[in-house]
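Spelled out from the first residue to the last, the chains are:
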Amino acid sequence: MRLSKAHLKTLREAPSDAVLESHKLLVRANMIKQESAGIYMFPKLGWRTVRKVEQIVREEMDYIDCQEIHMPHVNPAELWQETGRWYAYGPELWRIQDRAGNDFILNPTCEEMFTDFARKEYSSYKELPFSIYQIQFKYRDEARPRYGLLRTREFIMKDAYTFDATEEDLHTAYMRQYHAYEKIFTRCGLDFRIVEADNGPIGGSKSHEFSALSDWGESDILYCDNCGMAATAERAETRDEKQAPEEMKEMELVKTPDCKTIEDVCAFLKIPTAKSIKALMFRTYDDEMQPKDYVAAFVRGDRQLNMTKLVNALNIPAHNIEFADEVEMGAATGIVGGFTGPMGLKNCIIVVDSELVDTVNMCAGANQEDHHMLGVCYGRDYTGDIVTDIKELQEGDACPHCGQPVKFRRGIEVGQVFKLGLKYSESMGATYKDENGKDHPYWMGCYGIGVTRTMQAIVEQHHDDKGIIWPMSVAPYHVIITVVKTADEDQMKLAYDIEKKLEDAGLEVILDDRDERPGVKFNDADLIGIPIRITVGKLAGEGKVEYKLRRDAELETLTADEAVDKAIALWSEEKDGRHLYKNLSEETLNAH
RNA sequence: CGGGAUGUAGCGCAGCUUGGUAGCGCAUCUGACUGGGGGUCAGGAGGCCGUAGGUUCAAAUCCUAUCAUCCCGACCA
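Note on numbering: residues in each chain are counted from 1, in written sequence order. Chain letters start at A and ligand numbers start at 1, both assigned in the order the entries are written. Reporting of local features is limited, given that this is a predicted model, to residues whose pLDDT is at least 70; pairs of side-chain atoms are given and counted only at 80 or more, and all residues count toward the totals for whole chains, interfaces and linings. The side-chain numbers reported here are obtained from all heavy atoms of the structure, hydrogens and water having been left aside.

1. Quick word on the overall build of chain A
If you tally the helices and strands in chain A, you get 15 helices and 31 strands. Referenced to the eigenvectors of the C-alpha coordinate spread, the extents of chain A come out at roughly 95 × 65 × 55 Å. Burial status across chain A gives 53% buried among its 592 residues. Carbon and sulfur atoms make up 47% of the accessible area of chain A, which amounts to about 26,300 Å² in all. Charged side chains of chain A number 73 positive and 103 negative; the gap between the two group centres comes to 4 Å. Starting at the N terminus, helices and strands are each numbered in turn, a helix being any DSSP run of H or I of at least four residues and a strand any DSSP run of E of at least two. Using a 1.4 Å probe on the protein chains alone, a residue whose accessible area is under 20% of its type maximum counts as buried, one over 50% counts as exposed, and one in between counts as partly exposed. Each accessible area value is a Shrake-Rupley result obtained with a 1.4 Å probe; residue values ignore everything except the protein chains displayed when judging cover. All tallies of charge rest on Lys and Arg as positive and Asp and Glu as negative; His and the ends of each chain are not included. Charged groups are reduced to one reference atom each: NZ for lysine, CZ for arginine, CG for aspartic acid, CD for glutamic acid.

2. Topic: the packing of aromatic side chains
The way to describe two aromatic rings as a pair is by their centre distance and the angle between their planes. Between rings of Phe, Tyr and Trp, where Trp is taken as its six-membered ring, a pair exists when centres lie within 6.5 Å; planes separated by under 30 degrees are stacked, by over 60 edge-to-face, and by other angles tilted. As enumerated under the stated definition, the model contains 20 aromatic pairs in all. A centroid spacing of 5.8 Å and a plane angle of 75° characterise the contact between Y147 and W216, whose relative ring orientation is edge-to-face. Linking Y147 in the loop between β7 (130-139) and β8 (154-164) with W216 in the loop between β10 (206-213) and β11 (219-223), this pair joins segments that are 69 residues apart in sequence. What links up through ring pairs into an aromatic cluster is the set F117, Y122, F130, F163, Y432 and Y442.

3. Here's the deal with helix α14 (residues 560-574)
Given the number of residues in a helix, its expected span is that number minus one, multiplied by 1.5 Å. An ideal rise of 1.5 Å per residue puts 21 Å on 15 residues; α14 measures up with 21 Å between its terminal C-alpha atoms. Contacts are assigned to residue pairs that have any heavy atoms within 4.5 Å of one another. Each element contacted by the buried residues of α14 is listed here: β27 (479-483), α12 (489-504), β29 (532-536), β30 (544-549) and β31 (555-559).

4. Some remarks on the sheet that holds strand β14 (residues 277-285)
Across the sheet, which stays open at both edges, the five strands sit in the order β16-β14-β15-β17-β20 with mixed pairing between neighbours. One side of each edge strand has no neighbouring strand; the edge strands of this open sheet are β16 (321-323) and β20 (386-388). Pairwise comparison of adjacent strand axes, ignoring direction, gives a mean angle of 25° for this sheet. Two strands pair when backbone bridges link them, and β14 and β16 are joined in this way by three bridges, in the antiparallel orientation. Across the sheet, the residue bridging to F282 is F323, located in β16. The axes used here are C-alpha line fits, helices contributing only the stretch in contact, and every angle between their N-to-C directions lies in the interval 0 to 180 degrees. Against the sheet, helix α8 (residues 307-314) engages β14, β15 (291-300), β16, β17 (349-353) and β20, with an angle of about 130° to β16. Together, β14 and β15 form the strand contacts of helix α9 (residues 326-333), whose direction differs from that of β15 by roughly 95°. Strands were regarded as paired on the criterion that DSSP finds at least two bridges between them.

5. What to know about the domain arrangement of chain A
Residue ranges for the domains trace back to a domain assignment, done automatically or taken from a database. Here chain A is partitioned into domain 1 (16-72 + 108-236 + 408-460), domain 2 (252-388) and domain 3 (468-574). Taking the mean C-alpha position of each, domain 2 and domain 3 sit 65 Å from one another.

6. Considerations on the layout of surface pockets
Estimates place the volume of the second largest pocket at around 340 Å³. Contributions of two or more residues to the lining of the second largest pocket are made by α7 (262-269), β14 and β18 (362-368). Element by element, the count of residues in the lining of the second largest pocket is highest for β14, at five residues. In this classification, Asp, Glu, Lys and Arg are treated as charged, Ala, Val, Leu, Ile, Met, Phe, Trp, Tyr, Cys and Pro as nonpolar, and every other residue, Gly included, as polar. When grouped by side-chain class, the residues that make up the lining of the second largest pocket number 13 nonpolar, six polar and three charged. Both cavities and pockets are sets of points on a 1 Å grid over the protein atoms alone; in a cavity a 1.4 Å probe fits but cannot get out, in a pocket the set is open with protein on both sides within 12 Å along at least five of seven lines, and lining residues sit with an atom within 4 Å of a point. Grid points are joined across faces, edges and corners, and a volume is the space filled by probe spheres set on the points.

7. Notes on the pattern of salt bridges
Opposite charge on two side chains allows them to pair when their charged atoms are near. One side-chain nitrogen of Lys or Arg within 4 Å of one carboxyl oxygen of Asp or Glu is enough to make a salt bridge. Applying the stated criterion across every chain yields a total of 44 salt bridges. Put simply, D497 and K501 hold a salt bridge, and the shortest N to O gap is 3.3 Å. Of the two residues, D497 and K501 are both situated in helix α12; the distance of four residues between them amounts to about one turn of the helix. According to the relative accessible area criterion, D497 is partly exposed, its value standing at 32%. Among the residues examined, K501 registers a relative accessible area of 33% and is labelled partly exposed. Of the charged contacts in the structure, one is a salt bridge between R578 and D576, with a shortest N-O distance of 3.0 Å. Residue classification places D576 among the partly exposed residues on the basis of a relative accessible area of 22%. Taken together, the salt bridges that share partners define one network made up of E241, R300, D302, R303, E355 and D397.

8. Observations concerning the nonpolar core
Grouped together as the largest cluster of nonpolar side chains are 61 residues, with contacts concentrated most on M61 and W470. Examining the composition of this core, we find that eight residues originate from one element, helix α6 (residues 167-187), more than from any other. Summarising the domain contributions, this core has at least three residues from each of domain 1 (16-72 + 108-236 + 408-460) and domain 3 (468-574). Not counting residues up to four positions away in its chain, the partners in contact with M61 are C66, Y133, K158, A160, Q177, A180, Y181 and I184. Definition used in this section: a nonpolar core is a set of buried Ala, Val, Leu, Ile, Met, Phe, Trp, Tyr and Cys residues joined via side-chain atoms within 4.5 Å. The next biggest cluster of nonpolar side chains, apart from the first, holds 27 residues, and it includes M71, M113, I132 and F163.

9. Some points on the sheet that holds strand β6 (residues 103-106)
Pairing is antiparallel in the open sheet, where three strands are placed in the order β4-β6-β5. The outermost strands of the open sheet, each flanked by one partner alone, are β4 (74-76) and β5 (94-97). The mean inter-strand angle of the sheet, taken between neighbouring strand axes irrespective of direction, is 40°. In terms of strand pairing, β4 meets β6 through three bridges, oriented antiparallel. Bridging across to β6, P76 finds its partner in F104.

10. Some remarks on the pairing of β11
When a strand is regular, its side chains alternate between the sheet's two faces. Where burial is concerned, most of β11 is hidden: four out of the five residues are buried. Sheet analysis places β11 next to strand β21 (residues 407-421), joined by five bridges and oriented antiparallel. Paired with Y223 across the strands is K407, a residue of β21. As paired elements, β11 and strand β12 (residues 230-232) share three bridges and run antiparallel to each other. Directly across from Y223, in β12, lies its bridge partner A230. Here β11 hands over to β12 after six residues, with G228 in that stretch at a positive phi of 90°.

11. Considerations on the packing of helix α2 (residues 44-63) against α6
It is the contact of α2 with α6, at a shortest axis distance of 9 Å, that shows an interaxial angle of 150°. Considering the angle they form, α2 stands roughly antiparallel to α6. Along this stretch, α2 crosses α6, giving a crossing that reads as right-handed. Residues I56, V57, E59, E60, M61 and Y63 of α2 form the contact with α6, whose own contacting residues are Q177, A180, Y181, K183, I184 and R187. Partitioning the contact of α2 with α6 into residue classes produces seven nonpolar, one polar and four charged. Here the angle decides the label: under 35 degrees means roughly parallel, over 145 means roughly antiparallel, 65 to 115 means roughly perpendicular, and every other value means oblique. Definitions for this section: a left-handed crossing has its near helix turned counterclockwise from the far helix by less than a right angle. A right-handed crossing has that turn clockwise.

12. Observations regarding the packing of α12 against α14
Look at α12 against α14: their axes get within 10 Å of each other, and the N-to-C directions meet at 30°. Relative to α14, α12 is oriented roughly parallel. Where α12 crosses over α14, the handedness of that crossing is right-handed. Of the residues in α14, those in contact with L494, I498, K501 and L502 of α12 are A560, D561, V564, A567 and I568. Of the residues contributing to the contact of α12 with α14, the split by class is seven nonpolar, no polar and two charged.

Okay, structure coming up:
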């Protein structure tokens with residue numbers, strides 16, 4: 001590709017609304033361009049990298065015998081009503097109507113379509129197991145798109161679905177995808193971590209998230225170096241802390257004026273926050289968004305409530321709950337805002353963190369203005385309608401498995417795998433016949449990769465102050481030939497010669513033959529992040545060039561042929577990213 | 001959806017307080033010089049100042065509404 005005949009409009013300054021370095025660089029390098037909030041177009045270079053990532057995904061899916069198909073982006077509402085997700089998915093589901101007023105959606109994910117496909121196209125145990133996938137644009141009407149490609153309303157996703165006869169077979173299918181994902185993200189050059197994750201609205205029993213480590217990720221990861229535990233904050237179990245045994249005291253009402261927070265109260269009463277009970281009040285709604293229940297949740301004063309766990313405990317969709325109006329809720333249930341305790345409440349669901357069950361002599365709100373209660377004991381003074389783990393694991397807390405302090409990092413969720421179990425096959429009647437002609441629902445799994453998000457995650461991990469540093473496997477081009485002075489015939493002749501040799505060998509080459517100052521060309525080459533740069537300059541008359549890798553500073557003067565050979569050798573080594581497999585386990589490498 | 005901010009040329013910004021002919025840098029076009037890390041000089045083109053109302057002799061500037069975009073939060077297979 002010759003730049004004199006192509007369009008490459010790099011920007012010296014990033015748009016002011018970009019926050020992340022990766023976002024700024026992708027825009028400046030002319031690889032993405034925003035059309036509206038969370039909607040992007042991809043100019044030539046960006047689109048090439050998108051397709052490189054897709055190709056890696058495709059190769060690894062094909063390797064595990066997953067079959068590529070393509071579903072329409074527009075789905076009839078009926079399928080979504082059949083599984084109930086028409087309501088359960090909430091406002092993020094992008095709904096549209098046709099001219100006759102029929103409801104459709106733009107698919108955010110495709111469990112319904114693939115399950116529907118399975119029940120129509122497949123019928124016999126002889127056809128099992130099977131797995132199918134697609135790579136297509138997905139749509140989610142996000143309340144707040146942000147951070148470039150990390151959270152968009154239109155994005156490219158690979159979604160795969162597996163169908164098996166038994167739970168054991170599902171596990172096999174799940175692990176195949178899991179291992180394929182390890183290879184995919186490794187080949188993309190990502191530094192990632194695999195963590196246990198919550199299933200969320202997709203449902204099912206087990207899930208892992210593949211998270212590219214980054215301080216800017218939206219995924220909170222807690223992990224333990226001692227035992228290998230790793231989970232998202234939403235999912236991470238906690239260990240209930242035992243308190244030193246003590247005699248139960250009588251409850252005692254104390255005045256706590258002007259104490260608005262747990263810290264205020266505990267400071268005023270001179271007790272540790274771990275001896276207090278924190279209250280959080282909620283209102284739940286039904287599928288038609290009509291008010292349903294009041295909920296009062298209680299955790300130890302020094303803990304944080306985990307909303308995902310609460311929502312799971314209540315068995316409702318996450319968007320069907322919000323903080324309650326305390327005045328309104330007080331009238332119905334007896335709570336008093338700022339002084340809410342678990343005693344004597346009515347007309348509400350009381351959810352108590354399991355850790356509180358063994359505590360005695362706690363401090364809790366007295367449900368009276370300006371008063372708290374001391375000596376509060378579980379069982380004697382209050383009980384929960386639901387008692388379970390609803391607290392958040394935080395950095396430094398005891399690992400739920402081994403008790404060592406856990407560590408914290410952020411990550412960009414680039415992929416997630418789910419064991420769905422029978423959820424969709426049963427609700428949609430997707431069954432196969434066994435040897436005796438008897439019907440059984442499929443054991444299903446689903447597996448997603450955010451392709452466009454992965455692209456930005458790669459930039460987030462591979463850049464410097466000059467620009468992007470693409471790994472060879474996803475670089476839009478492998479080599480850029482920078483001609484210092486295009487008016488010089490020797491230079492142009494040598495550059496064309498190198499271009500031809502590289503392209504004949506299969507490399508993708510940019511020839512920067514623009515009539516620009518060399519500084520402009522060098523800066524552009526750095527910005528767009530092409531892995532290998534060959535500079536043709538004043539030594540062209542002697543047949544010599546400079547060879548430089550984007551990722552390091554070293555500059556070598558070589559003959560043109562040496563440079564060509566060197567570029568081809570490096571490209572052969574790194575073009576598909578498999579040279580990075582050295583970091584993977586035998587189990588992963590052998591998984592097929 | 002709650003809180004905050006911003007909309008002026010492709011990008012980055014000034015002008016608004018105190019109303020009076022719409023400006024700067026980069027990019028772009030012409031020409032010349034230049035040629036190893038975002039050049040120099042000269043000349044040119046490009047804007048319904050987000051949109052709609054209002055106040056005023058006069059509005060980018062003041063008022064109201066609305067839309068859009070971004071940030072924090074909530075939410076997020």
